[in-house]
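If you want the building blocks of each chain, they are given just below.
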Amino acid sequence: MERNEKAEQKNATAEESTDILESPGESLEKATFAAGCFWGIEEVFRQVKGVVATAVGYSGGHFEKPTYEQVCTLDTGHAEAVRVIFDPKVVSYRDLLDVFWKIHDPTTKDRQGPDVGKQYRSVIFYHNEEQKAAALTSKEELERAGVFKNPIVTEILPVSEFYMAEDYHQQYFEKKGFLQNILRSFKK
C-alpha cells in the first residue's frame with residue numbers, strides 16, 4: 001500500500017481533526033469500523049491511499065462520553081472503533097471493506113487475539129443505505145465463498161454517536177514507533 005499523499009492532514013491539530021471527522025465536506029466520505037483493539041486497525045487504515053484522516057474512539061453503546069477505562073471495565077456497550085475519512089475518487093468504500101475483512105478475524109464473538117470483551121467485537125457501522133448494502137453484500141459474498149472456516153459474526157449496524165478516544169490513543173502505533181512492524185506484518 002502506498003502512503004497517502006495527504007499524510008500531513010492526518011497530523012492536524014485535535015480541533016481540526018474533530019472537524020474533518022464530523023463534517024468531512026462534500027468530496028469526502030466517512031466510514032466507521034470496529035475490529036478489535038483500535039490501535040493496529042487505525043494504523044492499517046492510515047496506510048490506505050485515499051484515506052485522508054483517521055481517529056479512534058468508542059461507538060455502538062449507550063454510555064455518553066466514555067473513557068477508555070469505562071469502556072474496558074463497565075458495560076457501556078461501546079466497541080473500540082476507527083473513524084475513517086476517505087476520498088471516494090481514490091479509494092472506494094468496497095476497498096475499505098476488503099481491508100476490514102483482512103485485518104481481523106470476523107468469526108470470533110467479542111474477541112480479537114488475546115483481547116476479550118464486548119468492546120473488541122467486529123462491527124461495520126454504516127453511514128448511509130449504500131454503505132449498508134455494500135457491507136451486507138461483501139459479508140454474504142465471503143460467507144458464500146467459504147473464506148472463513150467459521151461463520152462470520154460481524155454486526156452491521158447504523159452508525160451511532162462516535163466518541164473520540166483520549167489523545168494518547170490516537171495514532172498510537174506511530175507515536176510508539178511500531179509503524180514498521182505493522183506494515184511488515186500486513187504485507188505478509
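Each chain has its residues counted from 1, following the order in which its sequence is written. With pLDDT at 70 or above as the cut-off, local features in this predicted model cover only qualifying residues; side-chain atom pairs require 80 or more to be listed or tallied, and sums for whole chains, interfaces and linings still use all residues. Note that water and hydrogens are dropped before the side-chain values are worked out from all heavy atoms of the structure.

### Comments concerning the UniProt feature "active site" (unreviewed entry) in the protein chain
UniProt positions are given in the numbering used here, feature names are shortened, and annotations may be inferred rather than shown by experiment. As recorded in UniProt, the sites labelled "active site" (unreviewed entry) are Cys37. Numbering of helices and strands starts at the N terminus; helices are DSSP runs of H or I of at least 4 residues and strands are runs of E of at least 2. Here cysteine 37 shows up in the loop between β1 (29–35) and α3 (38–46). Relative accessible area decides the class of each residue, using a 1.4 Å probe on protein chains only: under 20% of the type maximum gives buried, over 50% gives exposed, and in between gives partly exposed. Using a relative accessible area of 22% as the deciding quantity, one classes cysteine 37 as partly exposed. Setting aside its immediate chain neighbours within four residues, cysteine 37 contacts Glu80, Asp115 and Tyr120. A contact between two residues is defined here by any heavy atoms of the two lying within 4.5 Å.

### Remarks on the packing of helix α5 (residues 93–102) against helix α6 (residues 129–145)
For the pair α5 and α6, the least separation of the axes is 10 Å and the interaxial angle reads 45°. What the angle tells us is that α5 and α6 run oblique. Here α5 runs over α6; the crossing is right-handed. On the side of α5, the interface is formed by Tyr93, Arg94, Leu97 and Trp101, while α6 contributes Gln131, Ala134, Ala135, Thr137, Ser138, Lys139, Glu141 and Leu142. Residues belonging to the contact of α5 with α6 are distributed by class as follows: six nonpolar, three polar and three charged. For helices, the axis comes from a line fit to the C-alpha atoms of the stretch in contact; other axes are also lines fit to C-alpha atoms, and the angle between any two N-to-C directions lies between 0 and 180 degrees. Between 65 and 115 degrees an angle is taken as roughly perpendicular, under 35 as roughly parallel, over 145 as roughly antiparallel, and anywhere else as oblique. Each crossing gets its hand from how the near helix is turned against the far one by less than a right angle, where anticlockwise is left-handed and clockwise is right-handed. Under the convention adopted here, Pro, Cys and the residues Ala, Val, Leu, Ile, Met, Phe, Trp and Tyr are nonpolar, Asp, Glu, Lys and Arg are charged, and Gly plus all remaining residues are polar.

### Structural notes on the environment of histidine 104
Looking at the element boundaries, histidine 104 is found in the loop between α5 and β4 (111–112). The class for histidine 104 is buried, based on a relative accessible area of 8%. Here the alpha-carbon distance between histidine 104 and cysteine 37, two residues 67 residues apart in the chain, equals 9.9 Å. Ignoring sequence-local partners within four residues, the contact set of histidine 104 consists of Ala35, Gln112, Ser122 and Thr154. The definition of a polar contact used here is a pair of N or O atoms within 3.5 Å, where within protein one atom must be able to donate a hydrogen and the other to accept one, and adjacent residues in sequence count solely through side-chain atom pairs. At a separation of 2.8 Å, a polar atom in the side chain of histidine 104 contacts the main-chain carbonyl oxygen of phenylalanine 100. A distance of 2.7 Å separates the side chain of histidine 104 from the side chain of serine 122, its partner in a polar contact.

### Observations concerning the pattern of salt bridges
Each reported salt bridge corresponds to a side-chain nitrogen of Lys or Arg within 4 Å of a carboxyl oxygen of Asp or Glu. Here the structure, examined in full by the defined rule, presents four salt bridges. For arginine 94, the salt bridge goes to aspartate 98, with nearest N and O atoms at 3.6 Å. Placement of both arginine 94 and aspartate 98 in helix α5 is noted, with a separation of four residues, approximately one turn of the helix. Judged by relative accessible area, arginine 94 falls into the partly exposed class, the value being 31%. Here arginine 94 makes a salt bridge to glutamate 141, at a shortest N to O gap of 2.5 Å. Of this pair, arginine 94 sits in helix α5 while glutamate 141 sits in helix α6, and the two are 47 residues apart along the sequence. A network of salt bridges, in which partner residues are shared, links Arg94, Asp98 and Glu141.

### Looking at the state of the cysteines
In what follows, a disulfide is any cysteine sulfur pair within 2.5 Å. Inspection of the entire model under this criterion finds zero disulfides. For the unlinked cysteine cysteine 37, the closest cysteine sulfur is that of cysteine 72, found at 8.9 Å. Among the residues examined, cysteine 72 registers a relative accessible area of 30% and is labelled partly exposed.

### Section: the packing of aromatic side chains
Two rings from Phe, Tyr or Trp (for Trp, the six-membered ring) form a pair when their centres sit within 6.5 Å of each other. Planes less than 30 degrees apart are called stacked, planes more than 60 degrees apart edge-to-face, and all others tilted. On inspection of all chains with the given rule, the structure shows seven aromatic pairs. Ring centres 5.1 Å apart and planes at 5° place the aromatic pair phenylalanine 33 and phenylalanine 45 in the stacked group. In this pair, phenylalanine 33 sits in strand β1 while phenylalanine 45 sits in helix α3, placing the two residues twelve residues apart along the sequence. With a relative accessible area of 0%, phenylalanine 45 lands in the buried category. An angle of 45° between the planes, with centres 5.8 Å apart, marks the rings of phenylalanine 38 and tyrosine 58 as tilted. You can see phenylalanine 38 sitting in helix α3 and its partner tyrosine 58 sitting in strand β2 (residues 51–59), a full 20 residues away along the chain. Judged by its relative accessible area of 1%, phenylalanine 38 falls in the buried class.

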